[in-house]
Amino acid sequence: MLLGALFWLLHAFTVARYLTNWDAGQFALGTVRFDLASHQPHPPGYFLFVWLGRLLNTFTHDANTSLVAISGLAGLAAIITLYWTALALSENRRTAIWLTLLLVANPVFWYYGSIANTYTFEALAISITVWCTVRVRQRRSLVPFLVNVALVSLLAGFRPAIVLASAPLLLVQIVCLRKKTAAVAWGLITAALMLLIWLVPMAYAAGGLSVVWEETILQALRAQQTAVYDLGRISFFFWSVLFTANTTLLLGAAFPSSIVRALRAGNWMLLLPIGVMTAVYLGFHFGEVGYLLSLLPVWLLVTAPAITRITASRTGVVVLAAMVLGSGALFLLAPEFLPKKVNQVNYWNIRQHDARISAYLSAVRAHDPQPTLVVALRGQYLRPDRTVGMYAADDIRTLEYYLPAYALVDLLGVPGRYYEAFQWHYQQLDDRTIRFNHDATTMLVLGDYLHPDVQPPELKFTPATAEPSANNVYQADISGLDRFLFLGFTFERK
């Protein structure tokens, strides 16, 4: 109870006020209009996460609040499950408490428990699976196996990828059971029944099971294109593992013999999900550090013998307490030497993002929707010294959720391609002409920086910012213009 209370207390001060990233925006849009083809949310669907969010919206009236609450509940359940798993493995209450504290303070776990995303379900599912595996090995009972199958199949409705880390340990459970054929049969029946709970309504909402299948295959192909083929991505993998594992690596380095003895004693099974998820992370590399939350509880459980040894003395307790505080500091202090995607996993990135979205929403809402054209920029841009930079964030899907009444144009820096968003509908258009409302009198451009050389002479943008800023908003009067060129596109009044 105290560990759960600590988790909620920490997150009460760090929770995001707005949808934090592209995926969070798509989840929120899915609570309004479920459409896999438009990535609301992105395939394979996250049906239970989105529809439970929709239910909570009835009370909160804000998808971010609803989805963060669900993510937080999954994180709380992961903490409780990991504690009981650590207690079952170590038979030492002090070890279980300190091991769970390392999860609570972990920067990746803390971050994803504070935003509207699904990665805390990775930690929950693998913790449940390890606990059930321990019970199966101890009792050779079919019940923990079926409980594991049922819970993983149900939680897959919140985050389908959790099946990948759990699968090898489910196979271990089958091997440990006396009646293996019966276990497989009952496992398949249990999985089918639990999947039907959410898969049938998701197929109906998506327009058919064929739509779900086709969109999921397309998404998998897109994801596979980002696999690790260059040193830059290998570097990202290295730093993301180092950032996530942090204290477990220190404990492993300090007490290697204890960990090796524990693995030889029968806990070798913990290595299986590590191998599978490392292959997935490298082979598909979805670009999110959150995938490593499927491994973090396993890494922590592997270090349980080291934690038992270090907590045997007062000095060791002080050292372990310093490690817990140091792990939390990685989330609160945002070390700048880390690669971009890893460096974003911190409290200050949440606060900066909240400030930017708040500034954008205030600037846009100061104008009526009908006469206002809003252009969001991403991709590359010219810095003041004419070198090329990259816009810091992709906010369009977040803005689309909060600004459904405004005509939003998303320019991603690809010639002849742009996106339009209006009334929670988002569509790709391959055209060099962008047609805007015939009543439009004001154009707002949201982006870090707009170099004077790319500003059309007929548009007098304000403010004339000399340096890039994360919440810049450029405004121009277009009331007397029926046609103008901007960033390689022809803007033409309807």
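Described below are features of the structure shown in this document. These numbers were taken from a predicted model, which means no experiment stands behind them.

Bringing the overall build of the chain into the picture now. Per the secondary structure count, the chain includes 20 helices and 11 strands. Oriented by its inertia axes, the alpha-carbon framework of the chain measures out at about 80 × 55 × 45 Å. A buried classification covers 55% of the 494 residues belonging to the chain. Of the contacts formed within the chain by residues at least 6 apart in sequence, a portion of 72% connects residues at least 24 apart. Summed over all atoms, the accessible surface of the chain reaches about 21,500 Å², with 65% contributed by carbon and sulfur.

Our focus in this paragraph is the sheet that holds strand β7 (residues 433-436). An order of β7-β11-β10 is seen for the 3 strands of this open sheet, with the pairing classed as mixed. The open sheet has two free edges, formed respectively by β7 and β10 (483-486), since each of these has just one partner strand. Ignoring strand direction, the axes of neighbouring strands in this sheet form an average angle of 25°. Of the pairings in the sheet, the one linking β10 to strand β11 (residues 489-493) comprises 4 bridges and is antiparallel in character. For Arg483, the partnering residue across the bridge sits in β11 and is Glu492.

Moving on: the packing of aromatic side chains. Summed over all chains, the structure comprises 27 aromatic pairs. Taking 5.8 Å as the distance between ring centres and 45° as the angle between the ring planes, the aromatic pair formed by Phe7 and Phe109 counts as tilted. Of the two residues, Phe7 sits in helix α1 (residues 2-14) while Phe109 sits in helix α6 (residues 107-112), which places them 102 residues apart along the sequence. Residue Phe109 is classed as buried on the basis of its relative accessible area, which comes to 0%. Stacked on the ring of Tyr291, the Lys or Arg Arg159 has its end atom at 4.8 Å from the ring centre.

In this section: a nonpolar patch on the surface. Together, Trp186, Ile189, Leu193, Leu196 and Val200 line one region of the surface with nonpolar side chains, adding up to about 510 Å² of accessible area. Mapped onto the elements of the fold, Val200 is located in helix α10 (residues 180-206). According to the relative accessible area criterion, Val200 is partly exposed, its value standing at 49%.

As a further point, take the nonpolar core. Counting 137 residues, the largest nonpolar core has Phe109, Tyr112, Phe121 and Phe145 as its most contacted members. By residue number, the principal contributor to this core is helix α4 (residues 63-90), which donates 13 residues. Ignoring anything within four residues of it in the chain, the contact list for Phe109 reads Phe7, His11, Gly75, Ala78, Ile79, Leu103, Val104, Ala123, Leu293 and Leu296. Counting 25 residues, the second-largest nonpolar core is a separate cluster that includes Leu377, Tyr418, Phe461 and Phe489.

What follows concerns the sheet that holds strand β1 (residues 372-377). Spatially, β6-β5-β4-β1-β8-β9 is the arrangement adopted by the 6 strands of the open sheet, whose pairing is mixed. Strand pairing shows two members of the sheet lacking a second neighbour, β6 (425-430) and β9 (473-477), which therefore form its edges. Averaged over all pairs of adjacent strands, the angle between strand axes in this sheet comes to 20°, irrespective of strand direction. Two strands pair when backbone bridges link them, and strand β8 (residues 442-446) and β9 are joined in this way by 5 bridges, in the antiparallel orientation. Bridge pairing links Val445 to Tyr474 in β9. In the packing of helix α19 (residues 347-365) onto the sheet, the strands contacted are β1, β8 and β9, and the crossing angle to β8 comes to about 175°.

Note the cis peptide between Gln40 and Pro41, where omega equals 0°. For Pro41, the position within the fold is in the loop between α2 (22-32) and α3 (47-60). Of note, the amide linkage connecting Pro43 to Pro44 takes the cis form, showing an omega dihedral of 10°. Along the chain, Pro44 turns up in the loop between α2 and α3. Positive phi, close to 60°, is recorded for His61, a residue that is not glycine. Structurally, the position occupied by His61 is in the loop between α3 and α4.

What follows covers the side chain of Gln26. Mapped onto the fold, Gln26 is located in helix α2. Its relative accessible area of 2% is what places Gln26 among the buried residues. Setting aside chain neighbours within four positions, we find Gln26 in contact with His39, Gln40, Pro41, His42 and Arg397.

The next point concerns the environment of Ile174. Within the element layout of this structure, Ile174 appears in helix α9 (residues 162-176). Given a relative accessible area of 18%, Ile174 falls into the buried group. Apart from residues lying up to four places away in sequence, Ile174 is in contact with Phe145, Lys180 and Val184.

Structural remark: α-helix, 3.6 residues per turn; residues separated by three or four positions point the same way. When we look at burial in helix α13 (residues 256-264), the residues that qualify are Ser258, Ile259, Ala262 and Leu263. Angular distribution of buried residues about the axis of α13 spans 130°; they occupy a single face of the element. Opposite the buried face of α13, by more than 90 degrees, sit the exposed residues Arg261 and Arg264.

Attention now moves to the pairing of strand β4 (residues 407-411). By the criterion of burial, β4 is predominantly enclosed, with 4 of the 5 residues buried. Direction of pairing for β4 relative to strand β5 (residues 417-422): antiparallel, over a ladder of 3 bridges. Considered in β5, the bridge of Val409 is made with Glu420. Turn length for the β4-β5 hairpin, with the two strands adjacent in sequence and antiparallel, is 5 residues, and the turn residue Gly413 shows positive phi of about 85°.

Mapped onto the elements of the fold, Ala5 is located in helix α1. By relative accessible area, Ala5 is classed as partly exposed at 44%. Residues Ala5 and Arg378 lie 373 residues apart in sequence; the distance between their C-alpha atoms is 40 Å.

Basis of the calculations
- Residues numbered from 1 in each chain as written.
- Predicted model: local features only at pLDDT ≥ 70, side-chain atom pairs only at ≥ 80, totals over all residues.
- Heavy atoms only, no water.
- Helix = DSSP H or I, 4+ residues; strand = E, 2+ residues; numbered from the N terminus.
- Buried < 20%, exposed > 50% of the residue type's maximum accessible area, 1.4 Å probe, protein only.
- Contact = heavy atoms within 4.5 Å.
- Areas by Shrake-Rupley, 256 points an atom, 1.4 Å probe, with all protein chains shown as cover.
- Pairing = 2+ DSSP bridges.
- Axes fitted to C-alpha atoms, helices over the stretch in contact; angles between N-to-C directions.
- Phe/Tyr/Trp six-rings, centres within 6.5 Å; stacked < 30°, edge-to-face > 60°.
- Lys NZ or Arg CZ within 6 Å of the ring centre and 35° of its normal.
- Patch = residues over 30% accessible without salt bridge, like charges linked within 9 Å, V, L, I, M, F, W, Y side chains within 5 Å.
- Salt bridge = Lys/Arg side-chain N within 4 Å of Asp/Glu carboxyl O.
- Core = buried A, V, L, I, M, F, W, Y, C linked by side-chain atoms within 4.5 Å.
- Arc of directions from axis to C-beta.

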